[in-house]
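Coordinate analysis (summary)
The lines below spell out each chain.
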Amino acid sequence: MARKESVTIQDILENAFEMTREEGFANVTARKVAARVGCSTQPIFRVYKNMDELWGEVYKKAVLFFQDYYDLFPRTGTVPFSNLGMAYIAFAREEKNLFRLLFLSELPEKKSLYEILNGEKGNVLFEINKASAMGCANPQGMFMRMWLFIHGAACMSLTGDYDLTDAETKKLLEQEYANG
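The following refers to the structure shown. Source: prediction; values computed, not measured. (Residues numbered from 1 in each chain as written. Predicted model: local features only at pLDDT ≥ 70, side-chain atom pairs only at ≥ 80, totals over all residues. Heavy atoms only, no water.)

**Description of the side chain of Gln 67**
In this structure, Gln 67 sits in helix α4 (residues 51–72). Note on Gln 67: relative accessible area 12%, which makes it buried. Once residues within four sequence positions are removed from consideration, Gln 67 is found in contact with Ile 116, Gly 119 and Glu 120. (Helix = DSSP H or I, 4+ residues; strand = E, 2+ residues; numbered from the N terminus. Buried < 20%, exposed > 50% of the residue type's maximum accessible area, 1.4 Å probe, protein only. Contact = heavy atoms within 4.5 Å.)

Dropping the structure here:
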């Protein structure tokens with residue numbers, strides 16, 4: 001009779017993902033994942049041919065996590081790009097290691113920042129169309145101007161150099177849009 005598998009692919013992926021959230025992507029090693037799961041490295045390499053394959057799956061899970069985060073983020077403004085910006089900045093503040101992985105790392109199979117933001121639902125395109133419908137003459141240009149502030153604020157929050165409240169951030173986003 002064959003021995004029952006006690007460690008599943010889901011156990012391995014979930015633990016590697018949680019390690020990424022807690023410790024950062026660079027700290028996810030086969031030995032550390034195995035220790036966290038409570039097994040040897042053998043089950044990891046039985047389901048993944050190498051660590052690159054596991055890291056690829058962790059990355060995909062992080063992309064989906066961001067998309068879910070954005071979908072569930074409270075919409076508090078009507079100004080184009082403000083809700084997207086608020087969600088992105090909050091994600092950087094709350095999920096520092098995942099933010100670094102998704103938006104600041106250089107990986108061979110990495111999606112572009114635009115691809116991640118736009119997601120399956122066309123989040124960026126929705127905002128660009130909203131800006132156009134509200135009379136913005138150059139909504140793509142407006143997105144780029146807004147994005148410079150949004151990405152800068154998010155990166156500053158990683159280092160603790162961003163001390164504006166959400167209300168102050170929202171007001172700045174709305175003012176930048178109005179000035180555009």
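What follows picks up the thread again.
**Let's talk about the environment of Asn 15**
The topology assignment puts Asn 15 in helix α1 (residues 9–23). Asn 15 sits 21 residues away from Arg 36 along the chain, and the two C-alpha atoms are 6.9 Å apart. Ignoring any residue separated from it by four or fewer positions in sequence, one finds Asn 15 in contact with Arg 36 and Val 37. A polar contact of 2.7 Å, which involves the side chain of Asn 15, links it to the backbone oxygen of Asp 11. (Polar contact = N/O pair within 3.5 Å; in protein donor to acceptor, adjacent residues only side chain to side chain.)

**Details of the packing of α1 against helix α6 (residues 96–104)**
Put simply, α1 and α6 touch, their axes get as near as 6 Å, and they point 100° apart. In terms of orientation, α1 and α6 fall into the roughly perpendicular class. Contacts between α1 and α6 involve Phe 17, Thr 20, Arg 21, Glu 22 and Glu 23 from the first element and Asn 97, Leu 98 and Leu 101 from the second. Partitioned by chemical class, the residues of the contact of α1 with α6 number 3 nonpolar, 2 polar and 3 charged. (Axes fitted to C-alpha atoms, helices over the stretch in contact; angles between N-to-C directions. Parallel < 35°, antiparallel > 145°, perpendicular 65-115°, else oblique. Nonpolar A, V, L, I, M, F, W, Y, C, P; charged D, E, K, R; others polar.)

**Considerations on helix α8 (residues 123–133)**
Looking at α8, one finds that the buried residues are Asn 123, Val 124, Glu 127, Ile 128 and Ala 131. Taken down its axis, α8 places every buried residue within 135° of arc, on the same side. The exposed set on the far side of α8, more than 90 degrees from its buried face, consists of Phe 126, Asn 129 and Ala 133. Lining the buried residues of α8 we find α4, α5 (82–94), α7 (113–118), α9 (139–159) and α10 (166–179). (Arc of directions from axis to C-beta.)

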